[in-house]
Amino acid sequence: MTASYPELLAQGLLQDPGPAPLVIGVTGHRDPTPEAVRLVRRNTRLQLEQLMQELPHTPLLMLNGLAAGIDTEIAKEFLAVVAAQRRRTPSTTPLPRHQLVASLPKTPEAFEGDFDGYSSALQRFRNLLQQADAVLHPGNCQELSIPLLPEGHTPSSTDPTPYAQQGVFVARHCYLLFAYYDGIDTGLMGGTAQVVAVQRQQIYPLFVNVAEVAASREPAALICHATPRLKHPIPIHQLGEIRYWPLHGHPDEQITSDASIPEPLLELPRQLEAINRQVADPHLEPVVRQEGRYTRLCSALEHEAIALKTSHIRWIKVFVAFGFALVMIAELLEGKPWFGVAVLVLLASLTWLPRVQQTSKERFIEKRSLIECLAVQYLWAAVGVELDTADLFHVRNHTQLRLARLMLRAVKAQLLALYSAEGRPMAQALPQARLWLEGQVHFLSSKIQAFRLYNARCHRAAWVMGGAAAAIGFAQLLPKAPASLYLGAIALLAASASAYAYGELIGYEETANRYERSLEQFKRGVRALDLLQTGEVGTIGSDPADPWIRHRIVMEAMGREKIDELNDWIADQVQRIYRPGG
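Predicted model only: the values in this text are computed from it and were never measured.

S.K.: Can you walk me through the sheet that holds strand E7 (residues 242–245) in this structure?
M.R.: Either a parallel or an antiparallel arrangement is found when strands of a sheet pair, and the pairing is made through backbone hydrogen bonds. The strand order E4-E3-E2-E1-E5-E6-E7-E8 describes an open sheet built from eight strands, whose pairing is mixed. Of all the strands in the sheet, the pair left with one neighbour each is strand E4 (134–136) and strand E8 (254–256). Here the strands of the sheet are splayed against their neighbours by 20 degrees on average, with no regard to which way each runs. As defined by bridge partners, strand E5 (residues 176–181) adjoins strand E6 (residues 221–226) across six bridges and the pair is classed as parallel. Within E6, the position partnered with Tyr181 by the bridge is Ala226. Running over the sheet, helix H5 (residues 161–173) touches strand E1 (22–28), strand E2 (60–64), strand E3 (99–103), E4 and E5 and is turned about 165 degrees from E2.

Dropping the structure here:
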């Protein structure tokens, strides 16, 4: 792999993958009618041009199986649209790197057997394979491979399992699926109907494995072009119909002849474009940490996360102060005409303030979780761990984190394409991985110390002010004590409660406890790498063909620990809602 930069990036990558792509999947029939080919190619061209126009900083990554029929037709259309964009754009204007990524159900050599007797289709396949930016197949992509048969058994050339596996792979990683379907479910494993069902978050009766079930819970959108085929002279979907799913306010798909992609399907892509616009900014300042320089995507997310955290903490301070003010106002106005208004304001705040505070917090959680998951995904990709962080990122149903899940799947596809042709630079990546582990140890150690200090300060302030309020309360019992002492005691009690609430709302103590557990795990990871480096670990169970297998085990375990800690943090933070006076 040719390095774009002389130094390694923070997570062991030799080149910056760039902005996160919008992944487009393709599934369709092998025998479309000639009339259908002409119409769906024209409509697809319009939709691809719309995406490029409305998402000018976002690369499109098309996962295409390159099977005979509609796959190769759409692949050619995609390449033509990309070439046309390059021709009409001045050379001084940077363009996103759109990619055609072949995702084959078999190795290229084995897949050519599917074209026996169709020399023109085979030549078209070979040409497109040469033009593809990357080629994924069971030989270089674990997610496309199927379980090995018992010894002595040979796979059947008609076994549909590889095609079903390929369809699930496309549905898992794409956000927007372009389906070319006549509406007739043949009931065959690996057919277009199965991929459409997965994308629509349905469970097909002939599902392949747990990955298909997991794929049904990902953010997804579907553009289904009615595509009559030679096999079925009477299709259910009529030529010219386009089905869009999902649409807000529609229980089912919208059927129209309009090729313009509806706005609801572009909601998440527009959020992705907003992030990629920051990535493309030439003035973006790269983030450099102990373990190295971040990718541009992580740098952009880090800057935004810092700003959101600052804003979030500022809101918390404002809300805590507002809660204190509400208590004082209620006390001062008790028994006066405006007391009822003050009570109404207090009740309204109990409904409005938690929502505002939660929205601010969720935006910060989204960006921070993305940074942490991407760091692990980059690291795993660099050292050859085949896991997908989105599978371990368990916060699936939270609406504010849908963009994070979309981006994690997209970046995984991007990294698979990046490493499809060449091996991982293990000798260079592993020292960088160790720096990442050491950086986690340093980060967790410093945060634990700081959070313990902040929590102690909040509790100390609460106790001091609470004690002062009690003292004033006792002083009021003395003869000739001024009545104004009562308000002072109330003020100190409210301030004591606010100080305690601030510490609890931030979650200093719980976060420090959680970080301590992770810290011990990361220290163990560093120790394990030390043992590997000094040769103190035996060779029993090692694979001579893969001398790095134990290193991968360490990095997989540490990545899992990071994602587990992140899941706990998100679950804890989502439950922390500020309620003034409550």
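Next comes the rest of the description.
S.K.: Explain the side chain of Thr256 here, please?
M.R.: For Thr256, the position within the fold is in strand E8. Every residue in contact with Thr256, bar those within four places of it in the chain, is listed here: Gly240, Glu241, Ile242 and Tyr244.

S.K.: Teacher, can you tell me more about the pairing of E1 here?
M.R.: On a regular strand, one side chain projects to one face of the sheet and the next to the other, so that they alternate. Counting buried positions along E1 gives seven out of seven residues, so the element sits mostly inside the fold. Here E1 shows no split at all, with Leu22, Ile24, Val26 and Gly28 on one side and Val23, Gly25 and Thr27 on the other all buried. In this structure, E1 lies alongside E2, joined through four bridges in parallel fashion. Its bridge partner being in E2, Val23 is matched across the sheet by Leu61.

S.K.: Just to check I follow, could you spell out helix H6 (residues 192–199) for this structure?
M.R.: Three- or four-residue spacings in an α-helix give side chains the same orientation, since the helix completes a turn every 3.6 residues. Counting buried residues in H6 gives eight out of eight residues, a clear majority hidden from the surface. Residues of H6 that are buried include every one of Thr192, Ala193, Gln194, Val195, Val196, Ala197, Val198 and Gln199, and no others. Backbone geometry just after H6 places Gln201 at a positive phi near 65 degrees.

S.K.: I'm lost on the pattern of salt bridges in this one. Help?
M.R.: Side chains that differ in sign of charge can pair as their charged atoms come close. Counted by the stated rule, this structure contains 32 salt bridges. Salt-bridge contacts for Glu77 lead to Arg41; the nearest nitrogen and oxygen are separated by 2.7 Å. Here Glu77 is found in helix H2 (residues 70–88), whereas its partner Arg41 is found in helix H1 (residues 34–54), with 36 residues between them in sequence. Exposure class is identical for Glu77 and Arg41. Each is buried. Across the pair Asp114 and Lys106 runs a salt bridge, and its minimum N-O distance is 3.3 Å. Asp114 sits in the partly exposed class, given a relative accessible area of 22%. Look at Lys106 and you get buried, because its relative accessible area is 14%. Where salt bridges share partners, they join Glu143, Arg172, Asp388, Asp391, Arg409 and Lys412 into one cluster.

S.K.: Whenever I open this one, the nonpolar core confuses me. Can you help?
M.R.: Looking at soluble globular proteins, one finds that nonpolar side chains tend to be buried together. Counting residues in hydrophobic clusters, the biggest one holds 117 residues, and the most contacted among them are Leu51, Leu297, Leu374, Met407, Trp436 and Met555. At 14 residues, helix H10 (residues 339–383) tops the list of elements feeding residues into this core. Setting aside its immediate chain neighbours within four residues, Met407 contacts Ala20, Leu272, Ile275, Leu297 and Leu370.

S.K.: Please clarify how the pairing of E6 should be interpreted in this entry.
M.R.: Along E6, six of the six residues are buried, which leaves the element largely enclosed by surrounding structure. Bridge count between E6 and E7: four bridges; the pairing is antiparallel. Its bridge partner lying in E7, Ile223 is registered against Tyr244.

S.K.: Help me out: how do you make sense of unusual backbone geometry in this one?
M.R.: Keep in mind that most residues, glycine aside, have a negative phi and that most peptide bonds are trans. Residue Pro246 is reached from Trp245 by a cis peptide bond, and omega for that bond is -5 degrees. Relative to the assigned elements, Pro246 resides in the loop between E7 and E8. At Leu66, a residue that is not glycine, the phi angle is positive and equals roughly 55 degrees. Note on placement: Leu66 falls in the loop between E2 and H2. Classification of Leu66 by relative accessible area gives buried; the value is 0%.

S.K.: Help me out: how do you make sense of the environment of Val376 in this one?
M.R.: Mapping Val376 onto the fold places it in helix H10. Taking the C-alpha atoms as reference points, Val376 and Trp436, 60 residues apart in sequence, are found 9.7 Å from one another.

S.K.: Whenever I open this one, the packing of helix H8 (residues 267–280) against helix H12 (residues 402–418) confuses me. Can you help?
M.R.: The geometry of a pair of packed helices is captured by two quantities: the angle between their axes and the separation between those axes. One way to put it is that H8 packs onto H12 with a least axis distance of 10 Å and a crossing angle of 70 degrees. As summarised for this structure, H8 and H12 are arranged roughly perpendicular, according to the angle between their axes. Residues Leu268, Gln271, Leu272 and Ile275 of H8 form the contact with H12, whose participating residues are Arg402, Leu403, Leu406 and Met407. Of the residues assigned to the contact of H8 with H12, the class counts are six nonpolar, one polar and one charged.

S.K.: Just checking my understanding: could you explain helix H4 (residues 119–131) for this structure?
M.R.: With 13 residues, H4 should cover 18 Å at 1.5 Å per step; its first-to-last C-alpha distance of 19 Å lies within 8% of that length. For H4, the full list of buried residues reads Ala121, Leu122, Phe125, Leu128 and Leu129. Down the axis of H4, the smallest arc covering the buried residues is 130 degrees, so these residues share one side. Among the exposed residues of H4, those pointing more than 90 degrees away from its buried face are Ser119, Ser120 and Gln130. Lining the buried residues of H4 we find H2, E3, helix H3 (108–111) and E4.

S.K.: What's the story with the confidence of the model for the protein chain in this structure? I'm lost.
M.R.: Close reading of the predicted structure is inappropriate where its pLDDT is low. The pLDDT averaged across the protein chain works out to 83; a share of 82% of its residues lies at or above 70. Mean pLDDT across the elements of the protein chain ranges from a minimum in helix H7 (residues 210–215), with 57, to a maximum in E2, with 98. Across residues 1–6 the pLDDT falls below 50, and counting only partners more than four positions away or on other chains, this stretch makes 12 contacts in the model.

S.K.: How should the packing of helix H13 (residues 426–475) against helix H14 (residues 485–506) be read in this particular structure?
M.R.: Running from N to C, H13 and H14 point in directions that differ by 165 degrees, and their axes come no closer than 8 Å. Compared by their axis directions, H13 and H14 come out roughly antiparallel. Judged by the sense of rotation from one axis to the other, the crossing of H13 with H14 is left-handed. Contacts between H13 and H14 involve Cys458, His459, Ala461, Ala462, Met465, Gly466, Ala468, Ala469, Ile472 and Ala475 from the former and Leu485, Gly488, Ala489, Leu492, Leu493, Ala495, Ser496, Ala499, Tyr500, Tyr502, Gly503 and Glu504 from the latter. Residue composition of the contact of H13 with H14, by class: 16 nonpolar, five polar and one charged.

S.K.: How do you make sense of the packing of aromatic side chains when you look at a structure like this?
M.R.: For the structure shown, the criterion picks out nine aromatic pairs. Within the aromatic cluster, the residues linked to one another by ring pairs are Phe443, Phe451, Tyr454, Tyr508 and Tyr515. Seen from the ring of Tyr294, Arg289 lies directly overhead, with NZ or CZ sitting 5.8 Å from the centre.

Conventions adopted
- Residues numbered from 1 in each chain as written.
- Predicted model: local features only at pLDDT ≥ 70, side-chain atom pairs only at ≥ 80, totals over all residues.
- Heavy atoms only, no water.
- Pairing = 2+ DSSP bridges.
- Helix = DSSP H or I, 4+ residues; strand = E, 2+ residues; numbered from the N terminus.
- Axes fitted to C-alpha atoms, helices over the stretch in contact; angles between N-to-C directions.
- Contact = heavy atoms within 4.5 Å.
- Buried < 20%, exposed > 50% of the residue type's maximum accessible area, 1.4 Å probe, protein only.
- Salt bridge = Lys/Arg side-chain N within 4 Å of Asp/Glu carboxyl O.
- Core = buried A, V, L, I, M, F, W, Y, C linked by side-chain atoms within 4.5 Å.
- Parallel < 35°, antiparallel > 145°, perpendicular 65-115°, else oblique.
- Nonpolar A, V, L, I, M, F, W, Y, C, P; charged D, E, K, R; others polar.
- Expected span 1.5 Å × (residues − 1).
- Arc of directions from axis to C-beta.
- pLDDT = per-residue confidence, 0-100.
- Left-handed = near helix turned anticlockwise from the far one by under 90°.
- Phe/Tyr/Trp six-rings, centres within 6.5 Å; stacked < 30°, edge-to-face > 60°.
- Lys NZ or Arg CZ within 6 Å of the ring centre and 35° of its normal.

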